[in-house]
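# Descriptive structure summary
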Amino acid sequence: MDGSVALFETEKIFSNFFVPIADFKSNAPVRSLAFGGSGRFMAIGGDNGLVSVLSAKGGWVVCNQINFGCAILSTKCSPAGRYVGVAGSGKNFRIYDTTTWEIIKDFKESQPKIFTNQVDTISCLDWSLDSKWVAIGGAGSGIHLLNTSDWILMGPSTDGLTLTTSSSEG
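Counting from 1, residues in each chain are numbered in the order their sequence is written. Given that the model is predicted, a residue must reach a pLDDT of at least 70 before its local features are reported, and side-chain atom pairs must reach 80 or more before they are shown or counted; all residues, however, enter totals for whole chains, interfaces and linings. To obtain the side-chain values, all non-hydrogen atoms of the structure were used and water was disregarded.

## Quick look at the sheet that holds strand β7 (residues 72–77)
- Two strands are said to pair when DSSP picks up at least two bridges between them. Comment: elements are numbered from the N terminus, with helices defined as DSSP H or I runs of at least four residues and strands as E runs of at least two. Strand order across the open sheet formed by 4 strands is β7-β8-β9-β10, with antiparallel pairing between neighbours. Looking along the sheet, the strands with just one partner apiece sit at the ends: β7 and β10 (103–107). The mean inter-strand angle of the sheet, taken between neighbouring strand axes irrespective of direction, is 10°.
- Relative to β10, strand β9 (residues 92–97) runs antiparallel, the two sharing 4 bridges. By the bridge assignment for β10, Y96 is matched with I103. Lines fitted to the C-alpha atoms define the axes, with helices restricted to the stretch that makes contact. Angles between their N-to-C directions range from 0 to 180 degrees.

## As for the confidence of the model for the protein chain
- Summary statistics for the protein chain give a mean pLDDT of 79 and a share of 76% for residues scoring 70 or more.
- The score called pLDDT rates the predictor's confidence residue by residue, from a low of 0 to a high of 100. Within the protein chain, strand β3 (residues 30–35) carries the highest mean pLDDT (90), whereas strand β15 (residues 164–165) carries the lowest (61).

## A closer look at the environment of G45
- Along the chain, G45 turns up in strand β4 (residues 41–46).
- C-alpha separation for the pair G45 and L73, spaced 28 residues apart in sequence, amounts to 7.1 Å.
- The contact definition used throughout considers only heavy atoms, calling two residues in contact when any of these lie within 4.5 Å. Residues in contact with G45, not counting those within four places in the same chain, are V30, R31, S32, L50 and I72.

## Concerning the sheet that holds strand β6 (residues 61–67)
- Pairing is antiparallel across the open sheet formed by 4 strands, whose spatial order is β3-β4-β5-β6. In this open sheet, the two edge strands, each paired with only one partner strand, are β3 and β6. The mean angle between the axes of side-by-side strands here comes to 20°, regardless of whether they run parallel or antiparallel.
- Where strand β5 (residues 50–55) and β6 come together, 6 bridges link them in antiparallel fashion. Among the inter-strand pairings, V53 is bridged to a residue of β6, identified as N64.

## Describing the environment of E102
- Within the secondary structure, E102 is located in the loop between β9 and β10.
- Remark: the alpha-carbon pair of E102 and Y83, spanning 19 residues in sequence, is separated by 9.9 Å.

## Focus: unusual backbone geometry
- If you check the backbone angles, W101 has positive phi at about 65° while not being a glycine.
- Within the secondary structure, W101 sits in the loop between β9 and β10.
- Here the phi dihedral of S131 falls at roughly 65°; this positive angle occurs in a residue that is not glycine.
- Relative to the helices and strands, S131 resides in the loop between β11 (124–127) and β12 (133–138).

## Comments concerning the pairing of strand β8 (residues 83–88)
- The buried label goes to any residue with under 20% of its type's maximum accessible area, the exposed label to any with over 50%, and the partly exposed label to all in between, with areas taken from a 1.4 Å probe on protein chains only. Counting buried positions along β8 yields 6 of 6 residues, so the element is predominantly enclosed.
- Where β7 hands over to β8, the hairpin turn is made up of 5 residues, of which G81 adopts a positive phi near 85°.
- Pairing of β8 with β9, which is carried by 6 bridges, proceeds in the antiparallel orientation. Residue A87 lies in a different strand from β9, and its bridge partner there is F93.

This is how it looks when you write it as structure tokens:
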């Protein structure tokens, strides 16, 4: 809640040696942390609307910052570390390419409704282990899947067995 993140080396923690190898301080509460697939990067997001990407090279320093424009509730890196997904308040989520930091897919509140009216945030997202799907969810909305081969959002299952293409492609 105070905006601080401490990074520890696991081998030293198991030896009851709790001195962080790096510290990060934000001016707002931190809501999400995610390591990249290789462990070389860490994405930190929170209430200030910024995703700070730290690099292990040089001692966990900020190598990139993304202004998301609303509170960040979830950040997840694809298993190989090629992409990072960011979700937050206002029904917003984006997928970024970590080599160029360009937006691959962007869904915003102003586009046709992705989720039901009951949802004002996308509170969680995660990648499948093969990086073919991104699951996106929020309270009352069910789970939507983003197909990463064509970046098409699939709607929630109506019969419990099949997914349909969402009518809110953005």
